[in-house]
Amino acid sequence: MDYRVIPTICTYCGCGCGVGLEVVDGRVVRTLPIRTNPVNEGKLCIKGWNVHEFIHHPARLKKPLLKHGGQLEPVSWEDAFDYLARELSRIKETYGSDSIGFLVSAKCTNEDNYVAQKFARVVIGTNNVDHCARL
Amino acid sequence: MAGLAAAFGSGAMTNSFKEIEDTECIFVIGSNTTVAHPLVATRIYKAKAKGAKLIVVDPRKIHLASFADIYVQHRLGTDVALINGIMHVIYKEGWYNKKFIDERTENFEALVEVIDKYPPSLASRITGVAEEDIIKIARYYATSETSSILYCMGVTQHATGVDNVKSLANLAMLCGHVGRPSTGVNPLRGQNNVQGACDMGGLPNVYPGYQAVNVPSNREKFEKAWGVTLSPNVGLTVVEMTNAALEGKLKALIIMGENPLVSDPDVHHVEEALRALELLAVIDIFPTPTTDLAHVVLPGVSFAEKDGTFTNSERRVQRVRKAIEPIGEARVEWAIFQDLATRLGYHMSYSSSEDVFKELTALTPSYAGISYERLDKSPEGLIWPCPTPDHPGTPILHRGQFARGKGLFHAVEYRGPAEVPDDEYPFWLTTGRVYVHYHTGTMTRRSFHLVRELNEPYVEISPEDALRLGIENGEMVRLESRRGYIITKAFVTDSVKEGLLFMPFHFAEAAANRLTASTALDPIAKIPELKVCAVKLSKLEPQTTVAA
């Protein structure tokens, strides 16, 4: 049995509590509060204590999906990227860069957000980048 | 954010969480702290135990209200009138901090001119708060050695959101309660990394580090770093993108980990907009009402499957560590954009999240001194601004001087909410969170223990209104606004006053945002007025079919 506790940060609210994810054989089974984290000092709220519960939920999206005849159907990453690259190029050429918009995410990491906004500004050429900070 | 940035030069929390414990007077307005930020609420309790005074201002009798030294229920959307009234008293009584105002601020005369017009009698008429309570709040806040303001979406999600925040900044500067430990104006950010997403330039007007896109020297800096020519035009905000899609100007939308079909105002309108797009691509970890409408859906990973950093509400940058491999074929979001960029002819070759972090810190002055190495060494993370590798971080902003130099007072007049009750739609409706759920419920509603606590939508109705309309606790009711209607369960409670209704917005099956309006935007921040709309309420007749 492979058991480890990985120190990380809760994904729910803006507090940013330190949590230890207990992992058994590649599955997150429990959440522990981290005592040395200055935000939560060993405490957690009910959402935090249960933050591991959605990770392995069966409804997780596991493959790219492409709409076909009104239905989303599983496809390979290759096919999904081909479709996206083709459509983005077509729309950019036909309507211009500012016809494309991006919603980045207050749930994702700084690194995700940095690369996403860079993609919008550099690859598409638009500043149409926002997220739900206002919501 | 725009309001604080205009007054102080930075839109973030001015002080850190821990300092709240030692605050003499805590002023909580528009924040249901125990529900939305539980670990901030613990600091309020600790401060109370040390003898702090607690002021709570909220239209709903939230949990904190029962611990407050003074609690007032003001009418929805009357924050500016209330704060102007409080400042009127502070000025007239001479409780303001003249030295601070002289040395650290500008435009004080304009403030005095405005607050002069808001004696407690007028403020009381507008807000419904008793005159003696306004005077008491003024005295507690102004005469304590350290006073701290905590606020959240109850202040910002209004058509006057920026005005509300400017008023709070005025109040803090008037009393010199900023730039010292245990003081400040502190917006509690709703999402784990909303601060970081803003810091990283996830906004239409700025590059990473709040460097404006329309300032030529900033543009040149990023053009040089990224090796391309960049657009000088400020982009569209979320709600503007929705409108542009309906007008046929926006043709494609790429959404990463957001669910606007539940979170945004007037969801009918959002749905129409998303359907009008030629391309809707969504990256998410679960199917949502938004992915249902997408042409292509890409599986992203949860926080447990990635390395990276989150920046919390107090500007603390902390390490996120990968605990397990991605589920199925899911991929880390930044890597998805990297692959797509390369396909579209712009080569990106980050080998790790640390690689990305090194690039972004080189371009973001407030993050320049932060590295994975430093974050891994300390369990505390680092609070930006952290400009150099030996800088300890900056828990307290605006010490000595404001980020913009002098603090700027704004003369803010009260403007009522965009939509107010009338004969046809006689109730005020406001929205918020419950303790076990989070935002649109994509994650919490897939969590066994949280679902067991509570898993259905409801509307809070005052006992007086329930009696008058013959509505029993637990009965189904119909709520209708000018945008649409929903059917949900009645929860009769005295946490709302007569004439006011409250709904949590987590539940797609009776989405509160079917009722809210997207037309009333704050003119500067473009924040929709999610916290106020007018509705009618009726008992559901037995023969009506449930089709919300």
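A. Just the overall build of chain A, in detail. Within chain A one finds three helices and seven strands. Taken from the N to the C terminus, the helices and strands of chain A come in the order β-β-β-α-β-β-α-β-α-β. Scaling as 2.2 N^0.38, a compact globule of 135 residues should have a C-alpha radius of gyration of about 14 Å, whereas chain A reaches 20 Å, well beyond that. On the principal axes, the C-alpha backbone points of chain A span a range of 55 × 30 × 25 Å. Here chain A holds 135 residues, and the buried ones make up 58% of them. For chain A, the proportion of contacts with a sequence separation of at least 24, taken over those separated by at least 6, is 33%.

B. Representation of the sheet that holds strand β2 (residues 18–24) of chain A within the structure. All names here are of chain A. Taking strand neighbours across the sheet as the criterion, the three strands line up as β1-β2-β3 in an open arrangement whose pairing is antiparallel. Strand pairing shows two members of the sheet lacking a second neighbour, β1 (3–9) and β3 (27–33), which therefore form its edges. Ignoring strand direction, the axes of neighbouring strands in this sheet form an average angle of 30°.

C. Region of the structure containing the nonpolar core. Ranked by size, the top nonpolar core spans 216 residues in total, and within it Ile26(B), Ile55(B), Ile86(B) and Leu501(B) carry the most contacts. Excluding anything up to four places from it in sequence, Ile86(B) contacts Ile134(B), Ile137(B), Ala138(B), Tyr141(B) and Leu171(B).

D. Summary view of helix α8 (residues 131–143) of chain B. All names here are of chain B. The terminal C-alpha atoms of α8 lie 18 Å apart, and with 13 residues this matches the ideal 18 Å at 1.5 Å per residue to within 8%. Taken as a whole, α8 has its buried residues at Asp-133, Ile-134, Ile-137, Ala-138, Tyr-140, Tyr-141 and Ala-142. The inward-facing, buried residues of α8 contact β1 (25–29), β2 (53–57), β3 (70–72), α4 (79–93), α7 (120–127) and β5 (147–151).

E. Representation of the interface of chain A and chain B within the structure. Contact with chain A, which involves 89 residues of that partner, is made by 115 residues of chain B. The biggest single contributor to the side of chain A that touches chain B is helix α3 (residues 110–124) of chain A, with 13 residues. Within the side of chain A that touches chain B, the residues separate by chemical class into 48 nonpolar, 25 polar and 16 charged. Here strand β6 (residues 100–103) of chain A pairs with strand β9 (residues 252–256) of chain B via four bridges, running parallel. Bridge pairing in β9(B) links Gly101(A) to Leu253(B).

F. Focus on the domain arrangement of chain A. Residues and elements named next belong to chain A. For chain A, the assigned domains read domain 1 (3–49), domain 2 (65–95) and domain 3 (97–135). If you look at the interface, domain 2 gives four residues, while domain 3 gives four residues. Across the side of domain 2 that touches domain 3, the residue classes tally to three nonpolar, no polar and one charged.

G. Layout of the environment of Ile55(B). Residues and elements named next belong to chain B. Topologically, Ile-55 is positioned in strand β2. In sequence terms Ile-55 and Ala-65 are ten residues apart; their C-alpha atoms lie 8.3 Å from each other. Apart from residues lying up to four places away in sequence, Ile-55 is in contact with Cys-25, Ile-26, Phe-27, Val-28, Ala-68, Asp-69, Ile-70, Ile-137, Tyr-140 and Tyr-141.

H. Expanded view of the domain arrangement of chain B. Residues and elements named next belong to chain B. Assigned domains within chain B: domain 1 (2–188), domain 2 (194–383) and domain 3 (427–539). The centre of domain 2, based on its C-alpha atoms, is set 30 Å off from the matching centre of domain 3. Listed by partner, the interface residues are 16 residues for domain 2 and 17 residues for domain 3. Taken together, the residues that form the side of domain 2 that touches domain 3 break down as six nonpolar, seven polar and three charged.

I. Structural detail: the packing of helix α2 (residues 77–95) of chain A against helix α17 (residues 333–343) of chain B. Relative to each other, α2(A) and α17(B) sit at 60°, their axes nearing to 10 Å. Our classification of the angle between α2(A) and α17(B) gives oblique. α17(B) is crossed by α2(A), and the crossing has right-handed handedness. For the pair formed by α2(A) and α17(B), the contact residues are Phe81(A), Leu84(A) and Ala85(A) on the first element and Asp339(B), Leu340(B) and Arg343(B) on the second.

J. Summary view of the sheet that holds strand β10 (residues 279–284) of chain B. Taken in spatial order, the seven strands make up an open sheet running β5(A)-β4(A)-β11(B)-β10(B)-β9(B)-β6(A)-β7(A), and their pairing is mixed. Pairing within the sheet leaves two strands with one partner each, and these edge strands are β5 (71–74) and β7 (129–130) of chain A. As paired strands, strand β4 (residues 65–68) of chain A and β5(A) are joined by four bridges and run antiparallel to one another. What sits directly across from His68(A), in β5(A), is Gln71(A). Running over the sheet, α2(A) touches β4 and β6 of chain A together with β9, β10 and β11 (296–299) of chain B and is turned about 130° from β11(B). Relative to the sheet, α3(A) contacts β6 and β7 of chain A together with β9 of chain B, its axis offset from that of β6(A) by approximately 175°.

K. Expanded view of the confidence of the model for chain B. With 98% of its residues at a pLDDT of 70 or more, chain B shows a mean pLDDT of 92. Interface confidence for the predicted complex, given as ipTM, is 0.97, next to a pTM of 0.92.

Conventions and cut-offs
Residues numbered from 1 in each chain as written. Chains lettered and ligands numbered in written order. Predicted model: local features only at pLDDT ≥ 70, side-chain atom pairs only at ≥ 80, totals over all residues. Helix = DSSP H or I, 4+ residues; strand = E, 2+ residues; numbered from the N terminus. Rg over C-alpha atoms; globule rule 2.2 N^0.38 Å. Buried ≥ 20, exposed ≤ 12 C-beta atoms within 10 Å, placed from the backbone. Contact = placed C-beta atoms within 7 Å. Pairing = 2+ DSSP bridges. Axes fitted to C-alpha atoms, helices over the stretch in contact; angles between N-to-C directions. Core = buried A, V, L, I, M, F, W, Y, C linked by C-beta atoms within 7 Å. Expected span 1.5 Å × (residues − 1). Nonpolar A, V, L, I, M, F, W, Y, C, P; charged D, E, K, R; others polar. Domains from an automatic or database assignment. Parallel < 35°, antiparallel > 145°, perpendicular 65-115°, else oblique. Left-handed = near helix turned anticlockwise from the far one by under 90°. pLDDT = per-residue confidence, 0-100.

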